[in-house]
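Here's the letter readout for the chains.
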Amino acid sequence: ESEVPSFIASKVSQYSCQRKTTLNNYNQKFTDAFEIMAENYEFKENEIFCLEFLRAASVLKFLPFPVTTMKDIQGLPCMGDRVRDVIEEIIEEGESSRAKEVLSDERYQSFKQFTSVFGVGVKTSEKWYRMGLRTLEEVKADRTLKLSKMQKAGFLYYEDLVSCVSKAEADAVSLIVKNTVCRFLPDALVTITGGFRRGKEIGHDIDFLITNPGPREDDELLHKGLLLYCDMIESTFVKEQLPSRKVDAMDNFQKCFAILKLYQPRVDNSSYNMSKKFHIEVKDWKAIRVDLVITPFEQYAYALLGWTGSRQFGRDLRRFANHERKMILDNHALYDRRKRIFLKAGSEEEIFAHLGLDYVEPWERNA
Ligand code: 8DG
Ligand code: MN
Ligand code: MN
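Source: prediction; values computed, not measured. (Residues numbered from 1 in each chain as written. Chains lettered and ligands numbered in written order. Predicted model: local features only at pLDDT ≥ 70, side-chain atom pairs only at ≥ 80, totals over all residues. Heavy atoms only, no water.)

**Considering the sheet that holds strand E10 (residues 341–342)**
Pairing between sheet strands relies on hydrogen bonds along the backbone, with the strands arranged either parallel or antiparallel. Here we have three strands laid out as an open sheet, ordered E8-E9-E10, and antiparallel in their pairing. Edge positions in the sheet fall to strand E8 (327–329) and E10, since each has one partner strand and no second. Note that strand E9 (residues 334–336) and E10 share two bridges and pair antiparallel. Each bridged residue has a counterpart across the sheet, and for Tyr335 the counterpart in E10 is Phe342. (Pairing = 2+ DSSP bridges. Helix = DSSP H or I, 4+ residues; strand = E, 2+ residues; numbered from the N terminus.)

**What about the packing of aromatic side chains?**
Counted under the stated rule, the structure contains 14 aromatic pairs. Judged by centre distance (6.1 Å) and plane angle (70°), the rings of Tyr157 and Trp285 are edge-to-face. Linking Tyr157 in the loop between helix H8 (149–156) and helix H9 (158–162) with Trp285 in strand E7 (residues 285–295), this pair joins segments that are 128 residues apart in sequence. Both rings, one in Phe352 and one in Tyr359, keep their centres 5.1 Å apart while their planes meet at 80°; by these two values the pair is edge-to-face. Classification of Phe352 as buried rests on a relative accessible area of 1%. When the ring centre of Phe49 is taken as reference, the NZ or CZ atom of Arg82 above it lies at 3.7 Å. For the cation-ring pair, Lys261 lies above Trp285, with the distance from its terminal atom to the ring centre recorded as 4.8 Å. (Phe/Tyr/Trp six-rings, centres within 6.5 Å; stacked < 30°, edge-to-face > 60°. Buried < 20%, exposed > 50% of the residue type's maximum accessible area, 1.4 Å probe, protein only. Lys NZ or Arg CZ within 6 Å of the ring centre and 35° of its normal.)

**Comments concerning the coordination of the manganese ion (ligand 3)**
Every protein donor of the manganese ion (ligand 3) is accounted for by Asp205 (OD), Asp207 (OD) and Asp291 (OD), and the metal-donor separations fall at 2.1 to 2.2 Å. Within one chain, the residues serving as donors to the manganese ion (ligand 3) are arranged as D-x1-D-x83-D. (Donors = N, O, S within 2.8 Å, 3.2 Å for Na, K, Ca; no water.)

Function-wise, these values are silent; they only describe arrangement.
Here's what the structure looks like:
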């Protein structure tokens, strides 16, 4: 007998967009292990095994009870042999030897360090690892390396950027972004997306979507001061272009992956006054990673849905659209392949309705 009588494992959808996943995770000891396994496969560029573990993690995040026996996962989707082995061991031993092995693996540890730098992905990590580099200290000491502008900023603000962004910091940055945007575009709509829109208390960055109702969109907006570092990506969207079928494709909006300087009031005033008195420089700001995305008003709902995430939720939405509805969804549009038409939407609710899905609130998209 299950603890939740209404819960029927065989009725759980394989698509996270047909499930409601809040931040209340009863199975974190399993999902943590899965995410370590998935990350290790990502570092090895084994997308299939990586997705297998991410999907399994997402199913267990949705379960309204903690898994304590193998019977608890009977009938659930996405529980392949590799996944079941990990679950079984955690039930019996309290931890996964495979996940532990990964954590102590030299290659994993190096990739984990390298990718923690803004601007460094799996490709760069691979290159550095092949050169024999193992730690960030070794990377910094290597004078032959040619770092990109983004990576230089990543090293420069490293300590600030690895310390997570709090909800309070997100709110403070939100005010700054809104004020600044409205100085140039008084009618603009600025919305926090990403993890904070899903109700998370901390994040690795703050994601913003900016749109301007009316005919004109401002290309100049992102070019105006305020940012410590900004990797500008100009819009490459072409009108009437078919949505991308790639599940993890980047979109074509004008956007910038930026680092913002957030001035913080000194918490400890006496030591601040002391340092002032002796002319010691105190850093009274924190570098914060911010993603700014500018979208035309007609595409706003699609951009909002895409940028709210979670990543897994977005992947499953696209997979569901493609396989169950013969439609192509991306951050710009939804295209019906049978009718050969674009489906317009002014809100996320309308997109779910086009897809024949029950609406899922942002805080239920933590798949
Ligand atoms: P976090 O920052 O708290 O770690 O979590 P998050 O807010 O969920 O993750 P994110 O990496 O900031 O991404 C937010 C969503 O944006 C995610 O669901 C995927 C989506 N997204 C796109 N396009 C792109 C893109 O080009 N780059 C990134 N990083 N995310 C994108 O739709
Ligand atoms: Mn984010
Ligand atoms: Mn982001």
